[in-house]
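# A look at the structure
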Amino acid sequence: MTRVGRDFGDTMQKEAVPSVSADVSFASNRFPNYKIGADNSILDPKEEPEVPSMKDLLARETAQLIEQQKRLSVRDLASKFEKGLAAAAKLSDEAKIREIISLEKHVLLKKLRDALESLRGRVAGRNKDNVDEAISMVEALAVQLTQGEGELLQEKAEVKKLASFLKQASEDAKKLVGEERAFARAEIDSARAAVQRVEEALEQERISKSFESQDTEGLKKEVQEARRIKMLHQPSKVMDMEHELRALRIQLAEKSKYSIQLRKELAISKRLQENKSRLYDIDGTETLGSCLKITPCSDNSPDFSRSSVQWYRVSPEAGRKEAISGATKLVYALEPFDVGMTLLAEIVSDQQNITLTTTGPIDPAPGLGNYVEGLVRKSDTEFTVVVTQMNGREHPSHSIHKLHVGKMRIKLCKGRFTKAKESYSSSMQLCGVRGGGNAAAQALFWQVKKGLSYVLAFESERERNAAIMLARRFAFNCNIMLGGPGDRAPQGGT
């Protein structure tokens, strides 16, 4: 930028601008806030009455609405919301006017700053400093005006938000007024109908009273007394009948259990009579959690060394038998699929074929169903197990693991490490260990996928059967029938 010399400045000062007194002082450090009135006249804002800001109006109106909402009726509340909506619209219009005025102020400040910039180029010395100070004040005023515009925009947004709220509230209030009006009309119609019915009843009673005699009055009293006595005794009779019915149901259940027990004892008695001529028998409690064992009936029974055994399930409804794959030992550990089924064992030897059956269907374990229903509510259940075999080979460590049965997958962990984890699929198999002594009732076979299988021993028969039933329930929810080798879902089975 080229600096203007002193001589040139003095010449411009003499020709264009009169000298400015050094004693001049400004009333404030900002540019005066004037308004342009009619005929371009300048108005002093101090002479105008003080008007509250839109923010104060919004706060006061909202507080009044909230305070009066509790004690106004629905119709008054709707009217109040409509007035508030009109006030918000008015405030919005005032905000638009103030926005136009602010824009005009910006235009005037722009023109004033351009004039001062033009003047600064033609003056020098002290006058130039005064012009610079005036330009600084104009710029400060422009900044203040910009800040005021920001507040104006915020107030405008709040007014718009309040207007939207009041509009919605007004519509809701109108809806409530309509509903209240319809409800009141329905109540009035119902009251009219009730009054009409009462009037008709009174009229009929008046007509009937004119024809009644003293004998009729006595008969009415007797009927009323009989009705009172009936109402007094009827609840006790109903209660007595309920108690009798409950007692009959309990007796029927007990007799049913006793009948089943008698049938089983009769079957056992018949079997004992037949055992005199039979060579083998099935020994063991026919309840889930137990083991069934084929035993010789006498010392003269042939040796098992050259005999083969196959266990079958027989459905009481279908009547056909299904071979249990892998169940070829003298000892068979019952598992949940066997509940409700009659088990059959075929012994094939060189001399003859022998068929043995249980006395009846296998009974469920007491309390196991309720225990499993409680576990179903959990997303994951943890069981303590010991790995005894892996892929058909003995597991040397016999260390403690955790088996997690979840809604979507089964996981086997040792500490923080996961040994196996697989979602329910058609390649997964899970069943009780078939054979292997009395310990088989606490062990299960789990084929994670093709090429990976485990034999897991649980802490008790209850835990083992609960894990099998829980996994099959979750797998069924995933459209997977989870069983052992060759198993099919039994009808009515667990």
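For the structure, check the block above.
Below you will find a few notes about this structure.

So, how was this worked out
- Residues numbered from 1 in each chain as written.
- Predicted model: local features only at pLDDT ≥ 70, side-chain atom pairs only at ≥ 80, totals over all residues.
- Heavy atoms only, no water.
- Axes fitted to C-alpha atoms, helices over the stretch in contact; angles between N-to-C directions.
- Helix = DSSP H or I, 4+ residues; strand = E, 2+ residues; numbered from the N terminus.
- Parallel < 35°, antiparallel > 145°, perpendicular 65-115°, else oblique.
- Left-handed = near helix turned anticlockwise from the far one by under 90°.
- Contact = heavy atoms within 4.5 Å.
- Salt bridge = Lys/Arg side-chain N within 4 Å of Asp/Glu carboxyl O.
- Buried < 20%, exposed > 50% of the residue type's maximum accessible area, 1.4 Å probe, protein only.
- Pairing = 2+ DSSP bridges.

### Things to note about the packing of helix α6 (residues 368–376) against helix α7 (residues 461–477)
Axes are the key here: two packed helices are described by the angle between their axes and the distance separating the axes. In the contact formed by α6 and α7, the axes pass within 10 Å of each other and the chain directions differ by 50 degrees. By the angle class used here, α6 and α7 are oblique. Classified by chirality, the crossing of α7 by α6 is right-handed. For the pair formed by α6 and α7, the contact residues are L368, Y371, V372, E373, L375 and V376 on the first element and R462, E463, N465, A466, M469, L470, R473 and F474 on the second.

### Focus on the pattern of salt bridges
Applying the stated rule across the entire model yields 9 salt bridges. A salt bridge links E346 to K321, with the nearest nitrogen and oxygen atoms 2.5 Å apart. With E346 in strand β8 (residues 342–348) and K321 in strand β6 (residues 321–323), this pair connects stretches of sequence that are 25 residues apart. Residue E346 is classed as partly exposed on the basis of its relative accessible area, which comes to 21%. Measuring nitrogen to oxygen at the nearest pair gives 3.7 Å for the salt bridge that ties K402 to E382. Remark: E382 occurs in strand β10 (residues 380–390) and K402 occurs in strand β12 (residues 400–406); sequence separation between them is 20 residues. Judged by its relative accessible area of 29%, K402 falls in the partly exposed class. Residue E382 is classed as partly exposed on the basis of its relative accessible area of 45%. Through salt bridges with shared partners, a single ionic network connects R313, E335, D338, R434, R472 and D487.

### Overview of the sheet that holds strand β7 (residues 331–333)
Read from one edge of the open sheet, 3 strands run β3-β4-β7, paired in antiparallel fashion. The open sheet has two edge strands, β3 (280–283) and β7, and neither has a second partner. Strand after strand, the sheet turns through a mean of 20 degrees between neighbouring axes, direction not considered. With 3 bridges connecting them, strand β4 (residues 291–296) and β7 associate as antiparallel partners. Bridged to K293 within β7 is V331.

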